[in-house]
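# Observations on the model geometry
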Amino acid sequence: MKKACRDSVSHRADLGGAVLKRQGRREFLLKTGGILAAGAFGAVPLRGWAADPVNIGALYPTTGGMAQIGVGCVAAAKLAADMVNDAGGIKSLGGAKLNLIISDVQSDTTVTRTETDRLITGNKLSAIHGCFASALTLIASEVAERAKVPLLTGSSSDQLNKGHTYTFTPFARASQFAQAQLRMSRLVSDKPKVAVVFENTAFGTSTSNGLREQAAAEGVEIVLFEPYSAGFTDASPLINKVKSSGANALFSVSYLNDLILIVRTVKQVGLNIAINGGSGGFVIPDFYKNVGKLAEGLQGVAHWNHDMDANAEKVNAEYKKRTGEFLFEYAGGLVAQTFMIADALERAASTDPQKVRDAIAAIDVSSGYAAMCPGGKVKFGPDGKNIHAHPVGVQWQNGDLASVFPEEDRRAPLMKT
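The paragraphs below set out a description of the structure included in this document. (Residues numbered from 1 in each chain as written. Predicted model: local features only at pLDDT ≥ 70, side-chain atom pairs only at ≥ 80, totals over all residues. Heavy atoms only, no water.)

### Digging into helix α6 (residues 236-245)
Among the residues of α6, Leu-238, Ile-239 and Val-242 are the ones counted as buried. For α6, the angular spread of buried residues about the axis comes to 90°, placing them on one side. Each element contacted by the buried residues of α6 is listed here: β7 (193-199), β8 (221-228), β9 (249-253) and α7 (256-268). Positive phi appears at Gly-246, one or two residues downstream of α6, with a value of about 80°. (Buried < 20%, exposed > 50% of the residue type's maximum accessible area, 1.4 Å probe, protein only. Helix = DSSP H or I, 4+ residues; strand = E, 2+ residues; numbered from the N terminus. Arc of directions from axis to C-beta. Contact = heavy atoms within 4.5 Å.)

### Concerning unusual backbone geometry
Negative phi is the rule for most residues except glycine; trans is the rule for most peptide bonds. The peptide bond linking Phe-405 to Pro-406 adopts the cis configuration, its omega dihedral lying at -5°. Tracing the backbone through its elements, the reader meets Pro-406 in the segment after β15 (400-405). Phi angles above zero are rare outside glycine, and Gln-106 is one such case at about 60°. The class for Gln-106 is partly exposed, based on a relative accessible area of 24%. Positive phi is not limited to glycine here, since Cys-131 has a value of about 55°. As for its placement among the helices and strands, Cys-131 is situated in the loop between β4 (127-130) and α3 (134-147).

### Quick word on helix α9 (residues 310-323)
Taking 1.5 Å per residue as the helical rise, α9 with its 14 residues ought to reach 20 Å, and the 20 Å between its terminal C-alpha atoms agrees with that figure. Taken together, the buried positions of α9 are Asn-311, Ala-312, Val-315, Asn-316, Glu-318, Tyr-319, Arg-322 and Thr-323. Contacts made by the buried residues of α9 are with α1 (67-86) and α10 (329-348). Within two residues after α9, Gly-324 carries a phi angle of roughly 85°, on the positive side. (Expected span 1.5 Å × (residues − 1).)

### What to know about the nonpolar core
Ranked by internal contacts, the top residues of the largest apolar core, which has 120 residues, are Val-242, Leu-250, Ile-262, Phe-287 and Met-340. Those residues in contact with Phe-287 that lie beyond four places of it in its chain are Leu-256, Leu-259, Ile-260, Val-263, Gly-281, Phe-282, Gly-292, Ala-295, Leu-298 and Trp-396. By size, the runner-up hydrophobic cluster in this structure holds seven residues, among which are Ala-180, Met-184, Val-301 and Phe-405. (Core = buried A, V, L, I, M, F, W, Y, C linked by side-chain atoms within 4.5 Å.)

### Describing the pattern of salt bridges
Scanning all chains against the criterion turns up 11 salt bridges. As a salt-bridge pair, Glu-115 and Arg-118 come within 2.9 Å of each other at their nearest N and O atoms. Pair noted here: Glu-115 and Arg-118 are both in helix α2 (residues 109-122), with a separation of three residues, about one helical turn. By relative accessible area, which is 40% here, Arg-118 ends up partly exposed. Note that Arg-322 is salt-bridged to Glu-318, the shortest N-O span being 2.9 Å. One end of the pair is Arg-322 and the other is Glu-318, both in helix α9 and four residues apart, which spans about a single turn. (Salt bridge = Lys/Arg side-chain N within 4 Å of Asp/Glu carboxyl O.)

### Things to note about the packing of aromatic side chains
For any pair of aromatic rings, the description consists of the separation of the ring centres together with the inter-plane angle of the planes. All told, the structure shown has 10 aromatic pairs when counted by the stated rule. Connected via pairs of aromatic rings, a cluster forms that spans Phe-282, Phe-287, Tyr-288, Phe-326 and Trp-396. One residue, Arg-357, lies across the ring of Tyr-166, its end atom 5.8 Å from the ring centre. (Phe/Tyr/Trp six-rings, centres within 6.5 Å; stacked < 30°, edge-to-face > 60°. Lys NZ or Arg CZ within 6 Å of the ring centre and 35° of its normal.)

### Re the state of the cysteines
Scanning all chains against the criterion turns up zero disulfides. Distance from the sulfur of Cys-131, which forms no disulfide, to the nearest cysteine sulfur (Cys-73) is 9.7 Å. Given a relative accessible area of 3%, Cys-131 falls into the buried group. (Disulfide = S-S within 2.5 Å.)

### Observations concerning the packing of α6 against α7
Interaxial distance between α6 and α7 falls to 10 Å at its minimum, and their mutual angle equals 55°. Classed by the angle they form, the pair α6 and α7 counts as oblique. The way α6 lies across α7 gives a crossing that is right-handed. Contacts between α6 and α7 pair Ser-236, Leu-238 and Ile-239 from the former with Ile-262, Thr-265 and Val-266 from the latter. The residue makeup of the contact of α6 with α7, split by class, is four nonpolar, two polar and no charged. (Axes fitted to C-alpha atoms, helices over the stretch in contact; angles between N-to-C directions. Parallel < 35°, antiparallel > 145°, perpendicular 65-115°, else oblique. Left-handed = near helix turned anticlockwise from the far one by under 90°. Nonpolar A, V, L, I, M, F, W, Y, C, P; charged D, E, K, R; others polar.)

Structure, rendered in structure tokens:
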């Protein structure tokens, strides 16, 4: 099991509208084998000359089956910390810098539990952002709740907020993703007949149940509702069921590797069907890398996209410089979460996790990087959900993800397929 690695980030620059500076002395991400580059970036503030840094925990799977997403999230976490620190840090705390303490949860629920506990007990944390996979986040949130440390997450499971007071979800819920997918099916057919295939995990189950529960109200007929074992190696039996169902649209609730296999198999058997890949693996660069032009025209839903506003486009440009790839859903949402934490720290004027938790609960922003969400507003209800949260419908166009739905969030016309 890996030890949590510390990254201290410090610079000075204007944050509001200035062009972000690129960190030149060390890469934030080592792509080979998904290994993290851990260490100090810039000078460590000296006692007496600058305020002590504020410790922020970061829980992400950078090894294992979910590493493709986790490694990108770590790169985004470092970028976001740079942005806050470049702007002078937390001014109400004397310019204190954010100090990321990163832990690899190894795409494993057991490791997630032990690493979350290790991260909290071994460090004086003000807040945590973490995970994205619901199965991992549900575990991490239990540990954080007991320790009374606030956790912000991009996970979409509706279960996360039940009975929790330290867990905050700024983005769309699984049930909202389901509604968006169902409404998007009308973009390709007046009478949608949908086959739903889903991995048998918390993510897959909650999202697919949302689809089934809301289908009738949205005028969509579900003709196949089929679970499968996550990480399977042969999608042919599953796709043959889709083919026999008479569906004119396929919703696949899957992470990256499963979705790649499903899309390839659909093409191999010659099934002509509209595909909405939902969220998860569909909305990250590695999906297009693996399926290439097979992705063109495919639709999905995301809680964040890099073309949503000028701030998102600015951050995306810097992320591209550092990694060579566009800023995908979970990583982009993580940048916004970091600024929500920074906003809370400013108002709390304290590193105490209880005071930071209370400040997060009171967030009400409609501008800046902290509001970098679909709709451009963040305000948490009593259950820790952003009351303004909703997903954005996206489509693969020319190797990039374009926002196409709903109308108020559309940044590109729908490409007909």
